[in-house]
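Overview (structure and organization)
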Amino acid sequence: MLHQGSCHCGRIAYEVEADFTEGLDCNCSLCRRRGGLLAFVPADAFTLKTPEAGLSTYTFNSHRLQHHFCATCGTAPFSEGQGPDGKPMRCINLRCVPDIDLDSLRITKWDGASH
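Notes on the structure in this doc start here.

Reading the values: rules and limits
- Residues numbered from 1 in each chain as written.
- Predicted model: local features only at pLDDT ≥ 70, side-chain atom pairs only at ≥ 80, totals over all residues.
- Heavy atoms only, no water.
- Helix = DSSP H or I, 4+ residues; strand = E, 2+ residues; numbered from the N terminus.
- Rg over C-alpha atoms; globule rule 2.2 N^0.38 Å.
- Buried < 20%, exposed > 50% of the residue type's maximum accessible area, 1.4 Å probe, protein only.
- Contact = heavy atoms within 4.5 Å.
- Areas by Shrake-Rupley, 256 points an atom, 1.4 Å probe, with all protein chains shown as cover.
- Lys, Arg positive; Asp, Glu negative; His and termini not counted.
- Charge placed at Lys NZ, Arg CZ, Asp CG, Glu CD.
- Core = buried A, V, L, I, M, F, W, Y, C linked by side-chain atoms within 4.5 Å.
- Phe/Tyr/Trp six-rings, centres within 6.5 Å; stacked < 30°, edge-to-face > 60°.

Across its full length, the protein carries 1 helix and 10 strands. Secondary structure elements in the protein, listed N-terminal to C-terminal, are β-β-β-α-β-β-β-β-β-β-β. By the compact-globule yardstick of 13 Å for 115 residues, the protein fits well, its C-alpha radius of gyration being 13 Å. Once the C-alpha set of the protein is aligned to its principal axes, its extents read approximately 35 × 30 × 30 Å. The buried share of the protein, taken over its 115 residues, is 43%. Contacts in the protein between residues at least 24 apart in sequence constitute 56% of all its contacts with a sequence separation of at least 6. Total accessible area on the protein stands at roughly 6700 Å², and carbon and sulfur atoms take up 51% of it. Of the side chains in the protein, 11 bear a positive and 13 a negative charge, and the two mean positions are spaced by 8 Å.

Nonpolar side chains in soluble globular proteins tend to end up buried together. Among the nonpolar cores identified, the biggest contains 20 residues, and Tyr 14, Phe 20, Val 41, Phe 78, Ile 92 and Leu 94 are the most heavily contacted of them. Dropping the residues within four chain positions of it, Phe 78 is found in contact with Ile 12, Tyr 14, Phe 46, Leu 48, Leu 55, Gln 66, His 67, His 68, Arg 90, Cys 91, Ile 92 and Asn 93. Counting residues in hydrophobic clusters, the runner-up holds 7 residues, among them Cys 26, Cys 28, Leu 30 and Cys 31.

On inspection of all chains with the given rule, the structure shows 4 aromatic pairs. Note on Tyr 58 and Phe 60: the rings are 6.0 Å apart at their centroids and 15 degrees apart in plane angle, and the pair reads as stacked. Given a relative accessible area of 41%, Tyr 58 falls into the partly exposed group. Members of the aromatic cluster, each reached through a chain of ring pairs, are Tyr 14, Phe 46 and Phe 78.

Structure (structure tokens):
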């Protein structure tokens, strides 16, 4: 299924092709503060629809993920990096995809604080 996602003001917008049934609730120092609900997809399932120049980026700890956010509204709609298999992937903040019924998702806790 094709979904549209964005930051709050729309400066960052994307499409992602996936059937989301599960969300990851991470407790790392960043996710705990920003309140994201995450799902990982292969990079080729993701299309950025707005210019890359609109992305602000933050990395921390191991710098394995590039956490993108909007400098205008502050929303963090996705991150990018490599999966455990070394292939490019995107980490989607499901709270930034309006057509997903968040209450229908199975939520899995991830202890990112210990990793």
